[in-house]
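One letter stands for each residue in the lines below.
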Amino acid sequence: MGKTIFEKIWDAHVVATEKGGIEVLYIDRHFIHEVTSPQAFSELEKRGLPLFRPEQTVATADHNVPTWNQHLPIPDPLSRKQVNTLEENCRKFGVTHYGLGHPHQGIVHVIGPELGITQPGMTIVCGDSHTSTHGAFGTVAFGIGTSQVAMVMASQCLLLNRPKKMRITVNGQTGPGVFPKDVILYIISKLGTGGGTGHFVEYAGDVFRNMSMEGRMTVCNMSIEMGARGGLIAPDQTTFDYIKGRKFAPSGEAFDQAVAYWKTLPSDEDAVFDTEYHFDAADIEPMITYGTNPGMGIKITGRIPQLDEVSSKENFRKSLEYMGLQPGMSLLGKKIDHVFIGSCTNSRIEDLRLVARIVKGRRKAANVQAMIVPGSRQVADQAREEGIDQVLREAGFQMREAGCSACLGMNEDKIPPGEYCVSTSNRNFEGRQGPGARTFLVSPLLAAVIALEGRIVDARTYAELADVL
Amino acid sequence: MEKFTTLQSTAVPLPIENVDTDQIIPARFLKATSREGFGENLFCDWRYDSNGQARPDFVLNNPLYSGKILIAGRNFGSGSSREHAAWAIYDYGFRVVVSSFFADIFKGNALNTGLLPIEISESFLQQLLSAVHANPKTLFRVDLENQELAVPDRGLSETFEIHPYKKMCLLNGYDDIDYLISLKDRILAFEEQKPA
């Protein structure tokens, strides 16, 4: 029987299999950031242990950093302490650190790929659930807790139960205005927030084959939002072309050898999955969430379900009350207060280019505060080089510096209580963007058009947008 | 890690589904560099209003309910990988969380924290919630060795699954780091033969 890509990578990293089937999995790359690493470093110190493989560990500051004036000391004393602690720990334990001010600083899941650190066939972990992003390159990448961060620091290994295998196939051609974000929001709306629990997902089919690497990262990023351990897409020419020439990618002969290996990774034709789903691309439309988990999504022209159409009635009621919405209503025309374009889901150069094309020569609505937070310093620099930041500023968007920002509202970028934010991020949980904040998750396309209109609209109804749809 | 063998306690009911880790501990409280003190902000935005006043309708503010067992709705702990969620529950004083379904990362984090996640059937969960609602003084008994959760007064019990390795760790207070360190020679041998 053939193997799936997941099995090929996992099997190649098993150091030992223990009683009861628990496996010792070797980790190729460990990304760390300021929020989930300090207690792990303390654990090493408490036990007098060195960091086993510092050269396979990369650190950056992203979750807790301000997105203004990054050249100045961080005003919030707790944030400053956490960011400084990371820097000190990295110095002490010999870890490469891309801190504030470093040209490689940025959201950990944006910088790994753009620096060429993320490569097919690797096992990658980070104390962050969106580590699944790296799966876009055909890696086994997943989020871990701080105790596990300490385990990887101490041994470069984890003790794990092997997840089950799921394949989600989407074939056919998506319609106008449908972006990778819509594809993944659609899948999550079908499977629910627990639908992938216990599984590692492979995304297969035309729709993912035809996506750019940025689009694949958006899809894999949100695997965790259906509860999956991770999600991946088999590497192909698009992957190899993206990696070639990047700072830490292999070069010359080593690159050719690597590609030869990467080409062996895709799932064998006779590989078997524990669970399979098939969707038709033609059924997918631009999506928006209406509730307080990413599974509560509808097409932009759709209506919020009626109470008798949902299974978790109490949750549904609680969710709509929090959002200030009613069952059965359409979201079209709903006035909004904020637009946030950023996060490890949609803050890459491709996203910023798309937004710039839409807003060029136009102005955001007066009732909207619009904020763009590039995923990394490199993305910000690239945007400046291409003149994108100028276009966005002229349209009334605030251009910020790189970080996680209002995706999770750990820094001062919070949405005020009761206000509505259309966001390109990944989570619409209660209070996620600030206590009482109300979040609608959408693609960068919808976010841009909604920023201009000040209310929720269907981008497909604008004739002047025909060439970007 | 503290040992866990048996526990007899009253329980706190939280019959809400899909409780995500942003509810358990909101991100703005993740700025600490130590593991302690997160219990203070457990379920902060459900527990307190915007002026910091306790919301009387939230179960942790209801003096009728207390105990070391939290009984929660389906799909508990979804979302962020923050282990701080498990630390907050533990720091508040809970030692067991019962649900009919747990998110993967939360479950692993709980086990690594010494907090026992017990996954039971949806019907048993509903029975437990009825029992605690009918009488908040109801005693629940957890026996890890025999993998059993019981309500002795009501003659109810159900067994639960736990990985034998994780069970051994909890019963003895061991953690994975010691174990992984003991495998160092094998890890070095693995690195030796692994293609670059």
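What you see is a predicted model, and the numbers here were worked out from it, not measured in a lab.

Cut-offs used in this document
Residue positions are counted from 1 within each chain, in the order its sequence is given. Labels are handed out in written order, letters beginning with A for the chains and numbers beginning with 1 for the ligands. For this predicted model, a pLDDT threshold of at least 70 governs which residues receive local features, and a threshold of 80 or more governs which side-chain atom pairs are given and counted, while totals over whole chains, interfaces and linings are taken from all residues. Where side-chain values are given, they derive from all heavy atoms of the structure, hydrogens and water being excluded. Strands here are runs of E lasting at least two residues and helices are runs of H or I lasting at least four, both read from the DSSP assignment and numbered beginning at the N terminus. Throughout this description, buried means an accessible area under 20% of the type-specific maximum (1.4 Å probe, protein chains only), exposed means over 50%, and partly exposed covers the range between. The contact rule is simple, with two residues in contact once any of their heavy atoms fall within 4.5 Å. The set of buried Ala, Val, Leu, Ile, Met, Phe, Trp, Tyr and Cys residues whose side-chain atoms join them within 4.5 Å is what this entry labels a nonpolar core. Each domain's limits were defined by an automated method or a database of domain assignments. Here the quantity called buried area is the total loss of accessible area, with a 1.4 Å probe, experienced by two parts when brought into contact, counted for both. Counted as salt bridges are all cases of a side-chain nitrogen of Lys or Arg within 4 Å of a carboxyl oxygen of Asp or Glu. Any pair of N or O atoms that falls within 3.5 Å is considered a polar contact. Within protein, one atom must be able to donate a hydrogen and the other to accept it, and sequence-neighbouring residues count only if both atoms are side-chain atoms. When residues are sorted by character, Ala, Val, Leu, Ile, Met, Phe, Trp, Tyr, Cys and Pro go into the nonpolar class, Asp, Glu, Lys and Arg into the charged class, and all the rest, Gly among them, into the polar class. Strand pairing is assigned whenever DSSP identifies at least 2 bridges connecting the two strands. Structural elements are reduced to axes, namely lines fitted to C-alpha atoms, with helices fitted over the stretch in contact, and the angle between N-to-C directions of any two is expressed from 0 to 180 degrees. For crossovers, right-handed means that the path from the first strand over the helix to the second runs clockwise, given strands pointing away from the viewer.

As for the overall build of chain B
Here comes step 1: Helices and strands together make up the secondary structure of chain B, namely eight helices and eight strands.
Here comes step 2: Across its three principal axes, chain B shows a C-alpha extent of roughly 60 × 45 × 25 Å.
Here comes step 3: Going through the 196 residues of chain B one by one, you find that 57% of them count as buried.
Here comes step 4: Sequence separation of at least 24 residues holds for 64% of the intrachain contacts in chain B that already meet a minimum separation of 6.

Some points on the nonpolar core
Here comes step 1: Grouped together as the largest cluster of nonpolar side chains are 118 residues, with contacts concentrated most on B:F43 and B:F76.
Here comes step 2: A total of eight residues in this core trace back to one element, the largest contributor, which is helix 15 (residues 444–453) of chain A.
Here comes step 3: With near-sequence residues (within four places) excluded, B:F43 lies in contact with B:L14, B:V19, B:Q23, B:I24, B:F58, B:L60, B:L70 and B:F76.
Here comes step 4: Residues A:W10, A:F52, A:F93 and A:V170 belong to the second largest nonpolar core, which totals 87 residues.

Description of the domain arrangement of chain A
All names here are of chain A.
Here comes step 1: Taken domain by domain, chain A holds domain 1 (5–277) and domain 2 (312–465).
Here comes step 2: Taking only C-alpha atoms, the centre of domain 1 and the centre of domain 2 are 25 Å apart.
Here comes step 3: Each partner contributes residues to the interface: domain 1 has 41 residues there, and domain 2 has 39 residues.
Here comes step 4: At the boundary of domain 1 with domain 2, total buried surface from both sides reaches about 3200 Å², with 55% on carbon and sulfur atoms.
Here comes step 5: Its largest share of buried area at the contact with domain 2, domain 1 owes to T67, I107 and K181, together 20% of the area lost on that side.
Here comes step 6: Where R427 meets E225, a salt bridge forms, and the shortest distance between an N and an O atom there is 3.0 Å.
Here comes step 7: Counting across the interface, domain 1 meets domain 2 through 25 residue pairs in polar contact (both at pLDDT 80 or more).
Here comes step 8: Among the secondary structure elements, those contributing two or more residues to the side of domain 1 that touches domain 2 are helix 4 (108–114), helix 6 (180–191) and helix 8 (213–221).
Here comes step 9: The element that contributes the greatest number of residues to the side of domain 1 that touches domain 2 is helix 8, accounting for five residues.
Here comes step 10: Its residues assigned to classes, the side of domain 1 that touches domain 2 shows 15 nonpolar, 20 polar and six charged.

A closer look at helix 3 (residues 84–92) of chain B
Here comes step 1: In terms of burial, helix 3 of chain B is a largely internal element, seven of the nine residues being buried.
Here comes step 2: Where helix 3 of chain B is concerned, the buried positions are B:H84, B:A85, B:A86, B:W87, B:A88, B:I89 and B:Y90.
Here comes step 3: Buried residues in helix 3 of chain B make contact with helix 2 (38–47) and helix 5 (146–155) of chain A together with helix 1 (21–24), strand 4 (96–99) and helix 4 (104–113) of chain B.
Here comes step 4: Looking one or two residues past helix 3 of chain B, B:G93 carries a phi angle of roughly 125 degrees, positive in sign.

Some points on the sheet that holds strand 7 (residues 140–143) of chain A
Pairing between the strands of a sheet is mediated by backbone hydrogen bonds and can be parallel or antiparallel.
Residues and elements named next belong to chain A.
Here comes step 1: In spatial order, the strands read 5-4-3-6-7; together these five strands make up an open sheet with parallel pairing. Edge strands, defined here as strands with exactly one partner in the open sheet, are strand 5 (96–98) and strand 7. Within this sheet the neighbouring strands show an average axis-to-axis angle of 20 degrees, counted without direction.
Here comes step 2: Bridge count for strand 6 (residues 123–126) against strand 7 is four bridges, and the pairing is parallel. Note on strand 7: the bridge partner recorded for I124 is A141.

Some details on the interface of chain B and chain A
Here comes step 1: At the junction of the two partners, chain B supplies 48 residues and chain A supplies 68 residues.
Here comes step 2: Summed over both sides, the interface of chain B with chain A buries roughly 4700 Å², with 57% coming from carbon and sulfur.
Here comes step 3: Summed over the three residues of chain B that lose the most area to chain A, namely B:K31, B:T33 and B:I177, the buried surface amounts to 15% of that side.
Here comes step 4: Across the contact surface, chain B and chain A share seven salt bridges.
Here comes step 5: In this assembly, chain B and chain A are joined by 33 residue pairs in polar contact (both at pLDDT 80 or more).
Here comes step 6: When residues of the side of chain B that touches chain A are traced back to their parent elements, those giving at least two are helix 1, helix 2 (44–47), helix 3, helix 4, helix 7 (176–182) and helix 8 (184–193) of chain B.
Here comes step 7: Among the residues forming the side of chain B that touches chain A, the class breakdown is 19 nonpolar, twelve polar and 17 charged.

As for the sheet that holds strand 12 (residues 275–280) of chain A
Residues and elements named next belong to chain A.
Here comes step 1: Spatially, 11-10-9-12 is the arrangement adopted by the four strands of the open sheet, whose pairing is parallel. Both outer strands of the open sheet, strand 11 (230–232) and strand 12, are each paired with one neighbouring strand and no more. Between one strand axis and the next, the sheet turns through 20 degrees on average, direction left out of account.
Here comes step 2: Judged from the six bridges that link them, strand 9 (residues 164–171) and strand 12 form a sheet pairing that is parallel. Directly across from V170, in strand 12, lies its bridge partner F279.
Here comes step 3: Across the sheet, helix 6 is in contact with strand 9, strand 10 (199–204) and strand 12; its angle to strand 12 comes to roughly 125 degrees.

As for the environment of A:D28
Residues and elements named next belong to chain A.
Here comes step 1: The residue D28 is located in the loop between strand 2 (23–26) and strand 3 (29–32) in this model.
Here comes step 2: As for D28 and A141, which are separated by 113 residues in sequence, their C-alpha atoms are 10.0 Å apart.
Here comes step 3: A polar atom in the side chain of D28 sits 2.6 Å from the side chain of H13.

Some details on the pairing of strand 10 of chain A
Residues and elements named next belong to chain A.
Here comes step 1: In terms of burial, strand 10 is a largely internal element, six of the six residues being buried.
Here comes step 2: Going residue by residue along strand 10, you find H199, V201 and Y203 tucked away on one face and F200, E202 and A204 tucked away on the opposite face as well.
Here comes step 3: Of the pairings in the sheet, the one linking strand 9 to strand 10 comprises six bridges and is parallel in character. Looking at the pairing, K165 lines up with F200 of strand 10.
Here comes step 4: Handedness of the crossover joining strand 9 and strand 10 through helix 6: right-handed.
Here comes step 5: Examined bridge by bridge, strand 10 and strand 11 share three bridges and lie parallel to one another. Its bridge partner being in strand 11, V201 is matched across the sheet by G231.

Some remarks on unusual backbone geometry
Here comes step 1: The phi dihedral of A:N69 falls on the positive side, at around 45 degrees, and the residue is not glycine.
Here comes step 2: On the secondary structure map, A:N69 appears in the loop between strand 4 (57–60) and helix 3 (77–93).
Here comes step 3: Given the relative accessible area of 42%, A:N69 is considered partly exposed.
Here comes step 4: Positioned with a positive phi, B:N18 is a non-glycine residue whose angle comes to about 55 degrees.
Here comes step 5: By secondary structure assignment, the location of B:N18 is in the loop between strand 2 (11–14) and helix 1.

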